[in-house]
Every structure is written in structure tokens, then in C-alpha cells.
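Architecture and fold: a report
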Amino acid sequence: MSSLFTPAVQSQEACLGASLARIVTEYYQDKQHRKEFETWYKKTYGKPYVWKKE
């Protein structure tokens, strides 16, 4: 039985993680997407979301 943590799989996981981070970052740069998220957050948690400054 082979391990899922072989070097080839680890590099695939790193690539997937980096791609996902880029996609999410790009998604939230859109003002409409940010507004939708803020609305959802306030409805879910009852308080406004505070964006971290970069």
C-alpha cells in the first residue's frame, strides 16, 4: 500500500492550494462579491465583517 504523502502528491497538493488561494483572492477583489459576502456574514453572525488591511 502506498502513502498519499509521496513527493509527487505533495507537489500536487501545494499547486492546488496555491491555485485555490489565487482564485479566492481574485474573487473577493470584486466589489459585488465582497458585498455579497458581507451580507451573508452579517446575516449569519449578526455583526459586520471587518476586512483586514494588507
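A brief report on the enclosed structure follows. Going along each chain's sequence as written, the residues are numbered from 1 onward. Owing to the predicted nature of the model, reporting of local features is limited to residues with pLDDT of at least 70; listing and counting of side-chain atom pairs is limited to 80 or more, with chain, interface and lining totals taken over all residues. Only hydrogens and water are set aside; all other atoms, that is, all heavy atoms of the structure, feed into the side-chain values.

Any Phe, Tyr or Trp ring, taking Trp's six-membered ring, that has another such ring centre within 6.5 Å forms a pair; planes under 30 degrees apart are called stacked, those over 60 apart edge-to-face, and the others tilted. Evaluation of the coordinates by the stated rule reveals 12 aromatic pairs. Ring geometry for Y49 and W51: centres 4.8 Å apart, planes at 75°, overall edge-to-face. Here's how the labels work: a residue is buried when its accessible area is under 20% of the maximum for its type, exposed when over 50%, partly exposed in between, all with a 1.4 Å probe on protein chains only. In this structure Y49 comes out as partly exposed when scored by relative accessible area, which is 28%. Between the NZ or CZ atom of R34 and the centre of the ring of W51, over which it lies, the distance is 3.8 Å. Criterion for a charge above a ring: Lys NZ or Arg CZ within 6 Å of the ring centre, and within 35 degrees of the ring normal.

The term salt bridge refers to a side-chain nitrogen of Lys or Arg lying within 4 Å of a carboxyl oxygen of Asp or Glu. Within the structure shown, the criterion is met by 1 salt bridge. Notably, a salt bridge pairs E26 with R22, separated by 3.6 Å at the nearest N-O pair. With E26 and R22 both in helix α1 (residues 7-29), this residue pair falls 4 residues apart, about one helical turn. Residue class for R22 comes out partly exposed when judged on its relative accessible area of 44%. Only runs of H or I of at least four residues qualify as helices and only runs of E of at least two qualify as strands under DSSP, and these elements are numbered from the N terminus.

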